[in-house]
Amino acid sequence: MACMCPVIALGWVALAYIGYRLFKAVSNVVYPYKLAAPIDLKKAAGAEWAVVTGSTDGIGLAYAKELARKGFKLLLISRTQAKLDDVKKVIEDESKVEVKTIAYDFTNPSMADYEQKLIQAFNELDIGILVNNVGLSYEYPDVLHKIEGGLKRVADITVINTVPPTVLSAAVLPKMVERRSGIIVNIASSAAANPMSMWAVYSATKKYVCWLSEILRMEYSSKNITIQTICPMLVATKMSKVSKTNFFTPSPEKFVKEAVRSIGNAEETSGCFSHQIQVEISNIVPQPIVNHFLTKMSVATRAKALRKKERLAAQKDE
């Protein structure tokens, strides 16, 4: 009788691999959000100022408020000064921390303007935390040459989603390296996990953010700097065009409270307990099935958006 040892060995290897995957999945869901003790943010940051981009709404605004509650002074950067003034007043009244603001349109990639309007301000502050949150998506999913907004929209998404996290991270790192402390949080998206049809530019630019963060962790692993990537699924924000919250679609405030808790306990994560459950389930499903499901969802979302667009145009003509 032939020896069955190789077959048995392969069986044990397969079982061990499955066990490892299950353990890792459960750990990714439970550890950062339920088991791990939150780190001392002030100690990890090593400085009193936190910078948040895209900070007048949604996830960015929630990060600003949560960091203010943690006692950080804030430098808030967004496009519209009036909105920044409103947020500044609310946070100063609620948390009694110092808040500075800069109005900057991140569709502008000019390094001269970055230097004059942003980097100069950075150099005047001791920045402990940088949250690269500003981002831009589609009006609705579509193939590349039919994206609503045309080539201008394509260029704006590409610039906003890639230039700020790259340049601003490079700008704060020298002081962080010098004092051997600091936190950079780069907000990517779950769209980075798959090559998403009908979301080409958004998906690709968010994948860039993930790769950038991972490489920075390699480059600065010996410098005691925390670099985290957050890849959210649906959060009830204006960008997502979702208003109702539920267990799998949290409010920005609930999402960010969990995301901040995960800093230092997860290098790349979805940002909240319910999203990580979805991530781990999708990781088990074969890639072709995931791609088919996502494409089907995108087609349905596009059809719904176009119907709404046609209805609004008809009402305007009446």
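Treat the numbers as computed from the prediction; the structure is a model and nothing was measured. (Residues numbered from 1 in each chain as written. Predicted model: local features only at pLDDT ≥ 70, side-chain atom pairs only at ≥ 80, totals over all residues. Heavy atoms only, no water.)

A.B. asks: Can you tell me about the nonpolar core, naming the residues and giving the values?
C.D. replies: By size, the foremost hydrophobic cluster in this structure holds 42 residues, and its most contacted members are Ile77, Phe106, Tyr114, Leu118, Phe122 and Leu168. Among the elements of the structure, strand E1 (49–53), strand E2 (73–78), helix H5 (111–123), strand E4 (127–132), helix H6 (150–179), helix H7 (200–219) and helix H10 (287–317) are those that each provide at least two residues to this core. With eleven residues, H6 is the single largest residue contributor to this core. (Core = buried A, V, L, I, M, F, W, Y, C linked by side-chain atoms within 4.5 Å. Buried < 20%, exposed > 50% of the residue type's maximum accessible area, 1.4 Å probe, protein only. Helix = DSSP H or I, 4+ residues; strand = E, 2+ residues; numbered from the N terminus.)

A.B. asks: I'd like to hear about the side chain of asparagine 133, residue by residue, with values.
C.D. replies: With respect to the element layout, asparagine 133 can be found in the loop between E4 and H6. In this structure asparagine 133 comes out as buried when scored by relative accessible area, which is 12%. Once you skip the residues sitting within four places of it in the chain, asparagine 133 turns out to touch Thr53, Gly54, Ile59, Gly60 and Ile187. (Contact = heavy atoms within 4.5 Å.)

A.B. asks: Explain the packing of aromatic side chains to me, using residue names and the numbers behind them.
C.D. replies: Here the structure, examined in full by the defined rule, presents six aromatic pairs. On the basis of an interplanar angle of 70° and a centroid distance of 5.3 Å, the ring pair of tyrosine 104 and tyrosine 114 is categorised as edge-to-face. With a gap of ten residues between them, tyrosine 104 in the loop between strand E3 (99–103) and H5 and tyrosine 114 in helix H5 connect regions that are remote in the sequence. What makes tyrosine 104 buried here is its relative accessible area of 3%. Taken together, Tyr104, Phe106 and Tyr114 form an aromatic cluster joined through their ring pairs. In this arrangement the basic side chain of lysine 34 is found over the ring face of phenylalanine 273, its NZ or CZ atom lying 4.6 Å from the centre. (Phe/Tyr/Trp six-rings, centres within 6.5 Å; stacked < 30°, edge-to-face > 60°. Lys NZ or Arg CZ within 6 Å of the ring centre and 35° of its normal.)

A.B. asks: Please give an account of the sheet that holds E1 that cites residues and values.
C.D. replies: With respect to topology, seven strands assemble into an open sheet ordered E3-E2-E1-E4-E5-E6-E7, the strand pairing being parallel. This sheet does not close on itself; its edge strands, each paired only once, are E3 and strand E7 (268–269). In terms of strand pairing, E4 meets strand E5 (residues 183–187) through four bridges, oriented parallel. Bridge pairing in E5 links asparagine 132 to asparagine 186. Most of the contacts of helix H4 (residues 81–95) go to E3, to which it runs at about 170°, and overall it touches E2 and E3. Helix-sheet contacts for H7 involve E5, strand E6 (226–230) and E7, and the interaxial angle to E6 is about 160°. (Pairing = 2+ DSSP bridges. Axes fitted to C-alpha atoms, helices over the stretch in contact; angles between N-to-C directions.)

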